[in-house]
Amino acid sequence: MLLNPNRLQRKYPDSRSGEIMAATVDFFESRGKARLKHDDHERTWYSDFLDHVGRNRIFASLLTPAEYGASDDCRWDTYRISEFAEIVGFYGLSYWYPFQVTALGLGPIWMSENEDAKRKAAAQLEQGEVFAFGLSEQAHGADVYQTDMILTPAKDVGHGWVANGEKYYIGNANVARMVSTFGKIDGTPGSQEYVFFAADSQHDRYDLKKNVVNSQNYVANYALRDYPVSEADLLHRGMGAFHAALNTVNVCKYNLGWGAIGMCTHAFYESITHAANRHLYGTVVTDFSHVRRLLTDAYTRLVAMRLVASRASDYMRSASADDRRYLLYSPLTKAKVTSEGERVIIALWDVIAAKGVEKDTFFETVAREIGLLPRLEGTVHINIGLLAKFMPNFLFGPDGALPLIGRRDDAADDTFLFNQGPTGGLGKVRFHDWRVPFDSYAHLPNVALLRQQIDVLAEMLASATPDAAQQKDIDFAFGVGQIFALVPYAQLILEEAPLSGVDESLLDEIFGLLVRDFNSYAVELNDKAATTDAQAHFAMRMIRRPGHDPARYQQIWTDHVLPLNGAYQMAP
């Protein structure tokens, strides 16, 4: 159920995809863990990794839409991108990061109507270049409504503009030859236009001020000082630039889930191998009941993360103007999967204990970095708040006309992701009936219990509906959103289970965790100051005792968890 780099198992319809994954694994394994850790601690810029990516045309193959590709192996295929994101995450967030910010930087380019810019980007990918996404600013963060990057008409030439302003938190902005930069064209308050344009980090009017983080990554603060911008540099003007910013994040925030899955998987192998080969008080550590529970919980959470992200890929790839379900499943993957990753690492840390801070362990790197992912591409609060916009239609208005989506592992180009159109209208997005996969597994005790909890949630929303003030109260709305997020999360797990061949014992164990999580969120909702007495009553009615089956628990430990002892160890 988990990635093992020494036994890559994902099937592709072409040989090139598998070659990319194997070559990426070979790069890291041939360097070995000692070199990986040395470069991490010394904050060494990963030029050797970027050279490997360029030499093997990896980003060119994975991140160039087929229409602009130099060869027939080029396509933007979320199915294979997800495995690459998992693999580089497996070896460290520092290697996942340049891939992620390159994908972000390419978003506004592939979404534009500037054909010359697209061909330029494709050529640079073939040359091994990376890209950057110049959206965030120190004063405004990623607030798309605010920007101090201003374009004014050039005075000494008959056309074009000069750009002035700063960007902050911009990965790859030290080397990217096309930095997709967000700003405004100067004018009166009512006439200012949003704009996206491509800047070159090597231009003499591009001031690379500093790296704002203490890591291998270069996360830049850069300034443009009378930087010349021509029509040829423009990617979007007006609301098209605004939509390109949000739509790019819609596509790429999904990748954060796979980064977390990769990191947690490597940490899991290291943790169980350490515990299963260590004796304390005359007992093998994995024979302690609390250690077994921690490892089993971590494993089942990790499997659930992988099931959710796998199934979400099918909806990302099948998206269209008439099927925008991906707009729920992408932020769900970002918010829930990355948050679950933190929980996995905390549980594993209680197992690996002091070993988890030793400088030679991979765990030390993950423990330091896993908390970044829930806080990138919008915080968990922002993304859970986004999910709430879909809640009424998801729970109460299923659309039976929507197509049933199967496994999308075909060699297709996910073209709609760069033709999403205007943002907004999230409250109008329709979904298929979430109850159908629950009905298929209603015989499993914990699936049935979670269904009961969801029914009480729906009853609360219908008869004790949060009022306007509560909906504006971010803390209260987050409490409700945390509970609601478990519904599509569980739905995706149930849909993916038969596609991935998950046995029912493991599935019911996963749902036992979800029942426990639902309980904890219900108690939090009960405790909030903004919760009414009626809502608090419903919150307490949601609580269920998970079904405990000692035989099932033992089977999962024996068949799934303990065999991972020594199953993978990175080359020294």
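Residues numbered from 1 in each chain as written. Predicted model: local features only at pLDDT ≥ 70, side-chain atom pairs only at ≥ 80, totals over all residues. Heavy atoms only, no water.

Visitor: Help me understand the overall build of the protein chain in this model?
Guide: Assigned secondary structure in the protein chain consists of 21 helices and 10 strands. The C-alpha radius of gyration of the protein chain comes to 24 Å, within 12% of the 25 Å expected for a compact globule of 572 residues. In terms of overall dimensions, the protein chain has a C-alpha envelope of 80 × 60 × 45 Å along the principal axes. For the protein chain, with 572 residues in total, the buried portion stands at 59%. Taking contacts inside the protein chain between residues at least 6 apart in sequence as the whole, the part at least 24 apart equals 79%. Put simply, the protein chain has 56 plus and 71 minus side-chain charges, and the middle of one group is 2 Å from the middle of the other. (Helix = DSSP H or I, 4+ residues; strand = E, 2+ residues; numbered from the N terminus. Rg over C-alpha atoms; globule rule 2.2 N^0.38 Å. Buried < 20%, exposed > 50% of the residue type's maximum accessible area, 1.4 Å probe, protein only. Contact = heavy atoms within 4.5 Å. Lys, Arg positive; Asp, Glu negative; His and termini not counted. Charge placed at Lys NZ, Arg CZ, Asp CG, Glu CD.)

Visitor: Before we go on, may I ask you to explain empty space enclosed by the protein in this structure?
Guide: Rolled over the atoms, a probe sized like a water molecule indicates the empty space that remains. Scanning the entire structure with this criterion turns up 4 cavities of 30 Å³ or more. Here the largest cavity defines a volume of roughly 60 Å³. Lining the largest cavity are Leu36, Lys37, Asp40, Tyr91, Gly92, Leu93, Ser94, Tyr95, Gln216, Phe362, Thr365 and Glu369. Elements supplying a minimum of two residues to the lining of the largest cavity: helix H2 (33-41), helix H6 (93-110) and helix H12 (362-369). Looking at the lining of the largest cavity, its residues break down into 5 nonpolar, 4 polar and 3 charged. There is about 40 Å³ of room inside the second largest cavity. Lining the second largest cavity we find Trp76, Thr78, Ile81, Val251, Asn255, Met316 and Leu417. Split by residue class, the lining of the second largest cavity holds 5 nonpolar, 2 polar and no charged. (1 Å grid on protein atoms, 1.4 Å probe; cavity = no way out; pocket = protein on both sides within 12 Å on 5 of 7 lines; lining within 4 Å. Points joined across faces, edges and corners; volume = space filled by probe spheres on them. Nonpolar A, V, L, I, M, F, W, Y, C, P; charged D, E, K, R; others polar.)

Visitor: What should I look at first to understand helix H11 (residues 326-352) in this one?
Guide: With 27 residues, H11 should cover 39 Å at 1.5 Å per step; its first-to-last C-alpha distance of 37 Å lies within 8% of that length. The largest bend in H11 amounts to roughly 30° and is located at Leu332. Among the 27 residues that make up H11, 22 are buried, leaving the element largely enclosed by the rest of the structure. Just downstream of H11, Ala353 is the residue with a positive phi angle, here 50°. (Expected span 1.5 Å × (residues − 1). Bend = angle between axes of the 7 residues up to and from the residue.)

Visitor: Before we go on, may I ask you to explain the environment of Gln491 in this structure?
Guide: Looking at the element boundaries, Gln491 is found in helix H18 (residues 474-500). Spatially, the C-alpha atom of Gln491 lies 37 Å from that of His236, the residues being 255 residues apart in sequence. Ignoring anything within four residues of it in the chain, the contact list for Gln491 reads Tyr315, Tyr329, Phe394, His432, Trp434, Pro437 and Phe438. Polar contacts involving the side chain of Gln491 include one to the side chain of Tyr329, which spans 3.1 Å. (Polar contact = N/O pair within 3.5 Å; in protein donor to acceptor, adjacent residues only side chain to side chain.)

Visitor: In this structure, what is going on with the domain arrangement of the protein chain? I would like to understand it.
Guide: Taken domain by domain, the protein chain comprises domain 1 (15-129), domain 2 (133-237) and domain 3 (434-549). Just the C-alpha atoms count here: the centres of domain 1 and domain 2 sit 24 Å apart. Listed by partner, the interface residues are 25 residues for domain 1 and 22 residues for domain 2. Between domain 1 and domain 2 the total buried area reaches about 1900 Å² when both faces are included, carbon and sulfur atoms providing 55% of it. Counting the contacts that link domain 1 with domain 2 gives 0 salt bridges. Counting the contacts that link domain 1 with domain 2 gives 12 residue pairs in polar contact (both at pLDDT 80 or more). (Domains from an automatic or database assignment. Buried area = accessible area lost by both parts, 1.4 Å probe. Salt bridge = Lys/Arg side-chain N within 4 Å of Asp/Glu carboxyl O.)

Visitor: It is not clear to me how the packing of aromatic side chains should be interpreted in this structure. Could you clarify?
Guide: Two aromatic rings are characterised by how far apart their centres lie and by the angle between their planes. Taken as a whole and judged by the stated rule, the model has 35 aromatic pairs. With 5.2 Å between their ring centres and 70° between their planes, Phe90 and Tyr91 make a pair best called edge-to-face. Judged by its relative accessible area of 1%, Tyr91 falls in the buried class. Arranged with centres 5.9 Å apart and planes meeting at 90°, the rings of Phe390 and Phe431 form a pair that is edge-to-face. Linking Phe390 in the loop between helix H13 (380-388) and helix H14 (391-396) with Phe431 in the loop between H14 and helix H15 (435-440), this pair joins segments that are 41 residues apart in sequence. (Phe/Tyr/Trp six-rings, centres within 6.5 Å; stacked < 30°, edge-to-face > 60°.)

Visitor: I'm lost on the pattern of salt bridges in this one. Help?
Guide: Under the criterion given, the structure shown has 49 salt bridges. For Arg311, the salt bridge is made with Asp314, and the minimal N-O distance between the two is 2.9 Å. With Arg311 and Asp314 both in helix H10 (residues 289-317) and 3 residues apart, the pair spans about one turn of that helix. Asp314 carries the same exposure label as Arg311, and that label is buried. In this structure, Arg325 engages Asp323 in a salt bridge whose closest nitrogen and oxygen atoms are separated by 2.7 Å. In this structure, a network of salt bridges that share partners links the residues Asp14, Arg75, Asp77, Arg317, Arg408, Asp410 and Asp414.

Visitor: Quick question: what am I supposed to make of the UniProt feature "domain: Acyl-CoA dehydrogenase/oxidase C-terminal" (unreviewed entry) in the protein chain here?
Guide: Under the local residue numbering, the UniProt record ascribes the feature "domain: Acyl-CoA dehydrogenase/oxidase C-terminal" (unreviewed entry) to residues 242-390. Secondary structure within residues 242-390 divides into 72% helix and 3% strand; the distance between the first and last C-alpha atoms comes to 21 Å. (UniProt positions renumbered as here; feature names shortened; annotations may be inferred.)

Visitor: Quick question: what am I supposed to make of the environment of Asp508 here?
Guide: In this fold, Asp508 is placed in helix H19 (residues 504-527). Sequence separation of Asp508 and Val213 is 295 residues, and the distance between their C-alpha atoms is 42 Å. With residues near it in sequence (within four places) discarded, Asp508 still touches Leu444, Pro445, Asn446, Val447 and Arg552. There is a polar contact of 2.7 Å between the side chain of Asp508 and the side chain of Arg552.

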